[in-house]
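So you can see what is in the structure, the chains are spelled out below.
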Amino acid sequence: MTATQPRPRIVSIAFWCWLAAAILLMLGGLLTLFSQAPVPVFFRGAGVLWIVSGALLSYLAGRSRGGDTRFRRAAVALSIALAVLLALFSVMTSGLLWLGILILVMVAAVLVMRPSAQEWYQPDDKPESNA
């Protein structure tokens with residue numbers, strides 16, 4: 001990424017999808033954790049997991065929006081792991097909220113890996129090979 005090159009729109013869209021997913025994850029985790037209804041301990045533990053993963057996803061998305069390739073890769077890896085967990089959790093709870101979050105997370109991960117976004121993340125100075 002160069003300082004003169006503007007951020008592609010696709011990166012901004014991916015960031016906002018990740019941010020919306022992170023907010024919904026934390027909100028869903030808080031609702032699961034502090035529900036007044038009798039909720040099994042497993043689901044309360046999953047609520048804590050959603051809160052932590054939402055906070056981590058928002059941090060990684062913010063850093064990747066700045067142009068750091070390492071944080072982009074970490075956010076994509078977290079998105080893939082969350083997609084698996086959200087799919088399992090939505091099947092166990094029959095909740096549509098989790099499927100909505102799943103779609104947002106996967107859309108962001110796909111968008112940020114598109115070629116136009118990858119070109120923006122590429123560093124200008126290529127390391128020299130000693131071969």
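Details of the structure are given in the entry above.
Residues numbered from 1 in each chain as written. Predicted model: local features only at pLDDT ≥ 70, side-chain atom pairs only at ≥ 80, totals over all residues. Heavy atoms only, no water.

Peer 1: Tell me about helix H4 (residues 96-112), and please be specific about residues and values.
Peer 2: Turn by turn, an α-helix covers 3.6 residues, leaving residues three or four places apart pointing in a common direction. The first and last C-alpha atoms of H4 sit 25 Å apart over 17 residues, in line with the 24 Å expected at 1.5 Å per residue. Along H4, the residues that are buried comprise Trp 98, Ile 101, Leu 102, Val 105, Ala 108, Ala 109, Leu 111 and Val 112. Looking at the buried residues of H4, the elements they touch are helix H1 (9-33), helix H2 (41-65), helix H3 (69-93) and helix H5 (115-121). (Helix = DSSP H or I, 4+ residues; strand = E, 2+ residues; numbered from the N terminus. Expected span 1.5 Å × (residues − 1). Buried < 20%, exposed > 50% of the residue type's maximum accessible area, 1.4 Å probe, protein only. Contact = heavy atoms within 4.5 Å.)

Peer 1: Now, about the packing of aromatic side chains: what can you tell me, with residues and values included?
Peer 2: Here the structure, examined in full by the defined rule, presents 8 aromatic pairs. Geometrically, the ring pair formed by Phe 89 and Trp 98 is edge-to-face, given 5.0 Å between the ring centres and 85° between the ring planes. Like Trp 98, Phe 89 is buried. What links up through ring pairs into an aromatic cluster is the set Phe 42, Phe 43, Trp 50, Phe 89 and Trp 98. The side chain of Arg 72 reaches across the aromatic face of Tyr 121, ending 4.8 Å from its centre. (Phe/Tyr/Trp six-rings, centres within 6.5 Å; stacked < 30°, edge-to-face > 60°. Lys NZ or Arg CZ within 6 Å of the ring centre and 35° of its normal.)

Peer 1: Please provide a residue-by-residue account of the pattern of salt bridges, values included.
Peer 2: Enumeration over the complete set of coordinates arrives at 1 salt bridge. Between Arg 70 and Asp 68 there is a salt bridge; the shortest N-O distance is 3.0 Å. On the accessibility criterion, Arg 70 (56% relative accessible area) is exposed. (Salt bridge = Lys/Arg side-chain N within 4 Å of Asp/Glu carboxyl O.)

Peer 1: Could you give an account of the packing of H1 against H2, naming the residues involved and the relevant values?
Peer 2: Helix packing geometry: the angle between the two helix axes and the distance between the axes. At a minimum axis distance of 7 Å, the contact between H1 and H2 shows a crossing angle of 160°. As far as their axial angle goes, H2 and H1 are roughly antiparallel. Where H1 crosses over H2, the two elements pack in a sense that is left-handed. Class assignment of the residues belonging to the contact of H1 with H2 gives a composition of 17 nonpolar, 8 polar and 2 charged. (Axes fitted to C-alpha atoms, helices over the stretch in contact; angles between N-to-C directions. Parallel < 35°, antiparallel > 145°, perpendicular 65-115°, else oblique. Left-handed = near helix turned anticlockwise from the far one by under 90°. Nonpolar A, V, L, I, M, F, W, Y, C, P; charged D, E, K, R; others polar.)

Peer 1: Tell me about unusual backbone geometry, and name the residues and values.
Peer 2: The phi torsion at Ser 94 lies on the positive side, around 55°, for a residue other than glycine. Tracing the backbone shows Ser 94 in the loop between H3 and H4. Overall, the relative accessible area of 65% leaves Ser 94 in the exposed class.

Peer 1: A description of the nonpolar core should follow, citing residues and the corresponding values.
Peer 2: By size, the foremost hydrophobic cluster in this structure holds 33 residues, and its most contacted members are Trp 18, Trp 50, Leu 57 and Leu 86. Top contributing element to this core by residue count: H1, with 9 residues. Setting aside chain neighbours within four positions, we find Leu 57 in contact with Trp 18, Ala 21, Ala 22, Ala 75, Leu 78, Ser 79, Leu 82 and Val 105. (Core = buried A, V, L, I, M, F, W, Y, C linked by side-chain atoms within 4.5 Å.)

Peer 1: Go over the environment of Arg 72, please, and point to the residues and values.
Peer 2: Within the secondary structure, Arg 72 sits in helix H3. On the basis of relative accessibility, which here comes to 5%, the residue Arg 72 falls in the buried class. For Arg 72 and Met 113, which are 41 residues apart along the polypeptide, the C-alpha to C-alpha distance reads 8.8 Å. Setting aside its immediate chain neighbours within four residues, Arg 72 contacts Ser 64, Val 112, Met 113, Gln 118 and Tyr 121.

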